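# Chain and residue survey
Residue strings, one per chain:
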Amino acid sequence: LTVSEVFMDLPYLDVEADSEVGVLLLGLDSERLLMGLGLAVMTAAPEDVALLTDKLTHHGRVTISAEDARARGKQAWRAAYKLLVAAGRGERRSGSPREAWAGAVATVSAVLGSPADPASCAYVAACWYRREEMVRSLDVQ
Amino acid sequence: VVRFIPHPDTLLSPRGRSDTAAVMATRRGRPPAEAAVVIVGGGLAALSLTSALWHHGVRDVVCLERTGRIGGQFFSRVDTLKQAVLRSPYDHHPGVEGFRDCELLDFARLKWASLTAGERCEVRMAQAGHRSVVPLDIFEDFCGHVAAVHGVSDRTWTATVQAIMPERAGVLVESDAGTVAGRHVVLCAGETVRPAPSAWWSGDTPPPQVVYWDSPVPPGAGTLAVIGAGLSAAHVIVNALHAGRFVRWIVRGRERFQCADVNASFFRAEGRARFTGTAWAERLALYRSERTASIMFEFRPALQEAEESGILVVSRGRDIRRIGKGPRDDLAIELSDGEIVAADAAVLALGTVPITGAGLLPEAVVNLQDGWPDLEASSLAFRREPRVHLVGAGASMVLGPAARNIDGHRVGTARVAATIARSLAASGRVDDVAVAERPRRG
């Protein structure tokens, strides 16, 4: 057996952190997305919001309660959804999570403008990509 | 045939250690006199167990940890070895499965901006189901997150446990900080450093220039002898070479390079079944054959290069006969073939010994058989005292060699936590079960 310089050809090593974190957000359940959106205005970085949401789901409170975070998230998502639907934009659906993420972010940025806090943009983009499910979550919660 | 060998750079991580002192610090003072569950040891197994109990709604937990820091022994050991990455892959981590907690792989992806290209490569390897290594600061940060979300440091006191005494009303855990009576006690005490045979030197203690692998190398040792064939030995050797020392490596068998320290199949259910479904003698033989010292592949190029250049001299296949004083007040290490190896200091890296409960629990409870405690498989409780459980390497005759690994801890804690939660609920101590949470799927 000899040491070789064989490297596996692994994809997406140079993607931006925003994209890597965004793809992860696409897979969160609706409850965490809404609470994360509710927390997003408090913490600029979406990755920090994801960890804060993890703490919130365990403790029921971080600086605000889980109920407050959920309510704020629903309010923010309802407002963003109306604007996004009214704009009539629909991005191409893709089987590639990274393409899907880029499309959702592009739509949200085009309609809502570049937000002051990237975390809100990221969480709205994740909600928008999962909009069928996320609209149902507004109805049932 | 071209075989994939991980690049030596995977052993590196540029960021050093994380600062988790605040969330990993244990409480000072006297622990409560009673608790539903007392955990002996506050390492990574205890971190997993406390988290699992939390999800079962068992929050009345007192954990006793001697170092003053959750995972104190583990992080102290990797610090001494200057270890920058863990060879436990991403899916082996403290915490729980099935409750949608943030897991280590996703945690690392959340830290994507800080990862090097090589570390990102390891993340992708893990996502593709391949073996990978984890940067230590990411792992430590993750441990801090797990501890914080499950309130582990609030439940952990600084204490050295001296005895565990089962009584009718409860199990008394005696420590230097006070006695705690638990309805259940879980031994999560890990492993101790394997001592060298006392016949290696005259008297009870080794010569002062001889240390074990978890202690710093004596300063000023120009020539260092390293005795052992495992990962700790490899770290000590590479560190010594980096420090400009000449190294004499004494391998009593022959060095073996591989990805993990045990066959990867033992981390899976079918691997563990080889232990639970077989006769005792077969399990003993299987353990002896699979649990042998090995070194990560990534060390091989550096060790080969050092040996070729002469700054590392390896003595293979020879045992130690004696370690004594040399002619220049140095060490003279006599090998089994009579060769004398001279060194200024020696590091003994002979592995670890599982803590079985012997010396803490009554002998009749531990009921050692061939050195292993008598445990019931589904609960990891001592057969003769079902209120006392064991998680960690001591459960190797139940879970196989993976029991000593972080992933084995998680398998063990899942069994123990479920057993304890059922027992507390059945005994009507519903106050111990704050919220009956069930694993959520999806």
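Residues numbered from 1 in each chain as written. Chains lettered and ligands numbered in written order. Predicted model: local features only at pLDDT ≥ 70, side-chain atom pairs only at ≥ 80, totals over all residues. Heavy atoms only, no water.

In terms of regular secondary structure, chain B is built from 13 helices and 22 strands. For 442 residues, the compact-globule formula gives about 22 Å, and the C-alpha radius of gyration of chain B, at 22 Å, lands near that figure. Its C-alpha atoms put chain B at 70 × 50 × 45 Å along the principal axes. Considering chain B as a whole, with its 442 residues, one finds that 57% of them fall into the buried category. In chain B, the proportion of contacts linking residues at least 24 apart, taken out of those at least 6 apart, comes to 71%. In the structure as shown, chain B presents an accessible area of about 18,000 Å², 51% of it carried by carbon and sulfur atoms. For chain B, the centre of its 51 positive side-chain charges and the centre of its 48 negative side-chain charges are spaced 3 Å apart. (Helix = DSSP H or I, 4+ residues; strand = E, 2+ residues; numbered from the N terminus. Rg over C-alpha atoms; globule rule 2.2 N^0.38 Å. Buried < 20%, exposed > 50% of the residue type's maximum accessible area, 1.4 Å probe, protein only. Contact = heavy atoms within 4.5 Å. Areas by Shrake-Rupley, 256 points an atom, 1.4 Å probe, with all protein chains shown as cover. Lys, Arg positive; Asp, Glu negative; His and termini not counted. Charge placed at Lys NZ, Arg CZ, Asp CG, Glu CD.)

Moving on, we come to the pairing of strand S19 (residues 345-348) of chain B. One face of the sheet, then the other: side chains in a regular strand alternate in exactly this way. Residue and element names in this part refer to chain B. Both faces of S19 are covered, namely the face carrying Ala-345 and Val-347 and the face carrying Ala-346 and Leu-348. Pairing of strand S10 (residues 210-212) with S19 involves three bridges; the strand directions are parallel. By the bridge assignment, Val-211 is partnered in S19 with Val-347. Relative to S19, strand S11 (residues 223-227) is paired through four bridges, and the arrangement is parallel. In the strand pairing of S19, Leu-224 is matched with Ala-345. (Pairing = 2+ DSSP bridges.)

When you tally the buried positions in helix H1 (residues 17-26) of chain A, you get nine out of 10 residues, the bulk of the element. Listed as buried for H1 of chain A are Ala-17, Ser-19, Glu-20, Val-21, Gly-22, Val-23, Leu-24, Leu-25 and Leu-26 of chain A. Against helix H2 (30-40), helix H3 (46-59), helix H5 (97-112) and helix H6 (118-129) of chain A together with helix H4 (104-110) and helix H5 (117-127) of chain B lie the buried residues of H1 of chain A.

Residues and elements named next belong to chain B. Judged by pairing direction, the sheet is antiparallel, and its three strands sit side by side in the order S16-S17-S18 without closing on themselves. A single partner strand is all that each edge strand has here, and the edge strands are strand S16 (320-325) and strand S18 (340-343). Between one strand axis and the next, the sheet turns through 20° on average, direction left out of account. Pairing analysis gives five bridges linking S16 to strand S17 (residues 331-335), with the strands arranged antiparallel. Opposite Gly-324, over in S17, you have Ala-332 as the bridge partner. (Axes fitted to C-alpha atoms, helices over the stretch in contact; angles between N-to-C directions.)

On to the environment of Arg-272 of chain B. Position of Arg-272 of chain B relative to the elements: it lies in helix H8 (residues 269-276). In the structure, Arg-272 of chain B is positioned 126 residues away from Val-398 of chain B in sequence and 7.8 Å away in space, judged by C-alpha atoms.

Detailed reading of the predicted coordinates is not advisable wherever pLDDT falls low. Residue and element names in this part refer to chain B. Per-residue confidence for chain B averages 90 on the pLDDT scale, and 94% of its residues sit at or above 70. With pLDDT under 50 throughout, residues 435-442 is counted as low confidence; its partners more than four residues away or in other chains account for 15 contacts. What the predictor reports for the complex is a pTM of 0.92 with an ipTM of 0.91. (pLDDT = per-residue confidence, 0-100.)

The subject of this paragraph is the packing of aromatic side chains. The description of an aromatic ring pair rests on the distance of the ring centres and on the angle between the ring planes. Counting across every chain of the model gives eight aromatic pairs over all chains. Summarising the aromatic geometry, the rings of Phe-75 of chain B and Phe-139 of chain B are spaced 6.4 Å apart at their centres and angled 50° between planes, so their arrangement reads as tilted. Here Phe-75 of chain B, found in helix H3 (residues 72-80), pairs with Phe-139 of chain B, found in helix H6 (residues 136-149); they are 64 residues apart in sequence, far enough to count as distant. The class of Phe-139 of chain B is buried, set by a relative accessible area of 1%. Taking the centre distance of 5.1 Å and the plane angle of 75° together, the rings of Tyr-287 of chain B and Trp-372 of chain B count as edge-to-face. You can see Tyr-287 of chain B sitting in helix H9 (residues 280-290) and its partner Trp-372 of chain B sitting in the loop between helix H11 (363-366) and strand S21 (381-382), a full 85 residues away along the chain. Accessibility assignment for this pair places Tyr-287 of chain B and Trp-372 of chain B in one class, buried. Feature note: the residues Trp-77, Tyr-81 and Trp-128 of chain A constitute an aromatic cluster, connected by ring pairs. (Phe/Tyr/Trp six-rings, centres within 6.5 Å; stacked < 30°, edge-to-face > 60°.)

As a further point, take the nonpolar core. Of all hydrophobic cores here, the largest spans 68 residues; its most connected members are Leu-25, Trp-77, Trp-101 and Tyr-123 of chain A together with Phe-139 of chain B. Counting residues per element, this core draws most heavily on H6 of chain A, which supplies 10 residues. Excluding its chain neighbours within four sequence positions, the residues that come into contact with Phe-139 of chain B are Leu-44, Phe-74, Phe-75, Leu-86, Pro-94, Leu-104, Val-134 and Ile-406 of chain B. (Core = buried A, V, L, I, M, F, W, Y, C linked by side-chain atoms within 4.5 Å.)

Here we take up the side chain of Arg-109 of chain B. Structurally, Arg-109 of chain B can be placed in helix H4. Exposure remark for Arg-109 of chain B: the relative accessible area of 9% places this residue in the buried category.

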